[in-house]
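Remarks on the overall topology
Here are the chains, one letter per residue:
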Amino acid sequence: MKSAFLPDRSVVKVAGEDARNFLNGLITTDLDRLKPGLGRFGALLTPQGKIIVDFLITEVPAGHGGGFLIDCPKALAEGLATKLKFYKLRAKVTVENLDLGVLAAWDGQLAAQPDLAFADPRNEALGTRILIPEDIKQKLSDLIGAELVDAAEYETHRIALGVPRGGLDFMYSDAFPHETNMDRLAGVDFDKGCYVGQEVVSRMQHRGTARTRSVKVLLDDLSPEAGVSVMAGDKPVGTMGSSAQGKGIALVRIDRVADALDAGQPLTAGGLAVRLAEPDVVRIPLKQPIA
């Protein structure tokens, strides 16, 4: 089993008697389905339905003070806390940045179950997230029976699974949840009540209007730089994201890529060959006629 402390992650705590209802009215995931020991994937959106910040969230046991811990990008933690305070109004909640980070553990079973640990809800193979101070990462890794490795190894694992990372595989405030596969990674609850941006997200879901998607790609000897255009001939069809060890993630217009595949046209990025790991993912299912 491997573990890695992720230096790009931080933790924001939201607590108080109104915390659950307060967050439920703002974010894409349903906190009524959350309890201590579990995690949910979600996001705070703009009113136009674009992702301000995506995150993992877990509930703190009442014996440890209760509330919710949000595992989010470190660069966005302060902005997230500020945004939540802006929405707070008269709600009885507190919002604070904690001196905690994230230890990811994967490729095995934990020898012990630490506090503030939960399975990554996006993909079982991503393993477990444990919220801890950085200075105990080695002690905690020993406790759970994991080899502490560099965060780059976790990144390679994430990329191989095709799980997008904000700031690399999509840009914050510029992408809809469907475009980053949040609907396929259990990041949007379509049956919950209203939240910021919900109308746009629901419309995309019910009309099937998502034409841009994050997809897994296979690379040959070299990897294109993140941000390079993915081309079908001389036409841009997307943007390259993160890559490692012959695998990568690209944000593409699936209709245009499907047309290129049908025409036998190869894809390139920065002059390097790019192939879809799962070609069928760009095929939009035909809607069934209503009887």
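About the thresholds
- Residues numbered from 1 in each chain as written.
- Predicted model: local features only at pLDDT ≥ 70, side-chain atom pairs only at ≥ 80, totals over all residues.
- Heavy atoms only, no water.
- Buried < 20%, exposed > 50% of the residue type's maximum accessible area, 1.4 Å probe, protein only.
- Helix = DSSP H or I, 4+ residues; strand = E, 2+ residues; numbered from the N terminus.
- Pairing = 2+ DSSP bridges.
- pLDDT = per-residue confidence, 0-100.
- Contact = heavy atoms within 4.5 Å.
- Axes fitted to C-alpha atoms, helices over the stretch in contact; angles between N-to-C directions.

Before going further, it helps to examine the pairing of strand S2 (residues 9-15). Successive residues of a regular strand alternate their side chains across the two faces of the sheet. Most of S2 is tucked away: seven of the seven residues are buried. Of the two faces of S2, the one holding Arg-9, Val-11, Lys-13 and Ala-15 and the one holding Ser-10, Val-12 and Val-14 are both buried throughout. Pairing analysis gives six bridges linking S2 to strand S5 (residues 68-73), with the strands arranged antiparallel. Each residue of the ladder has a partner; that of Ser-10, found in S5, is Cys-72. Where S2 meets strand S6 (residues 94-98), five bridges bridge the pair, whose relative direction is antiparallel. If you follow Lys-13 over to S6, its bridge partner there is Glu-96.

Our focus in this paragraph is the confidence of the model for the protein chain. On average, residues of the protein chain carry a pLDDT of 94, and 98% of them reach 70 or more. Low confidence marks residues 286-291, where pLDDT is under 50. Its contacts with residues over four positions away, or in another chain, come to three contacts.

Take the sheet that holds strand S10 (residues 147-148) next. The strand order S8-S9-S7-S1-S10 describes an open sheet built from five strands, whose pairing is mixed. Bordering the open sheet on either side are strand S8 (117-119) and S10, each of which pairs with just one other strand. In the sheet, S8 pairs with strand S9 (residues 128-132) via three bridges, with the strands oriented antiparallel. Residue pairing for S9: Ala-119 is matched across the bridge by Thr-128. Sitting on the sheet, helix H3 (residues 137-144) touches strand S1 (2-6), strand S7 (101-106), S9 and S10, and the angle it makes with S7 is about 30 degrees.

Turning next to the side chain of His-157. On the secondary structure map, His-157 appears in helix H4 (residues 151-161). With a relative accessible area of 15%, His-157 lands in the buried category. If near-sequence neighbours (up to four positions away) are discounted, His-157 is found in contact with Trp-106, Asp-107, Ala-125 and Leu-126.

Pairing within the closed barrel is antiparallel, and its six strands lie in the order S11-S14-S13-S12-S15-S16. For this sheet, the mean angle separating the axes of adjacent strands, direction not counted, is 40 degrees. In terms of strand pairing, strand S12 (residues 229-232) meets strand S15 (residues 267-269) through three bridges, oriented antiparallel. Bridging across to S15, Met-231 finds its partner in Thr-268. Against the sheet, helix H6 (residues 254-262) contacts strand S11 (212-219), S12, strand S13 (235-244), strand S14 (247-253), S15 and strand S16 (272-276), and its axis sits at roughly 105 degrees relative to S14.

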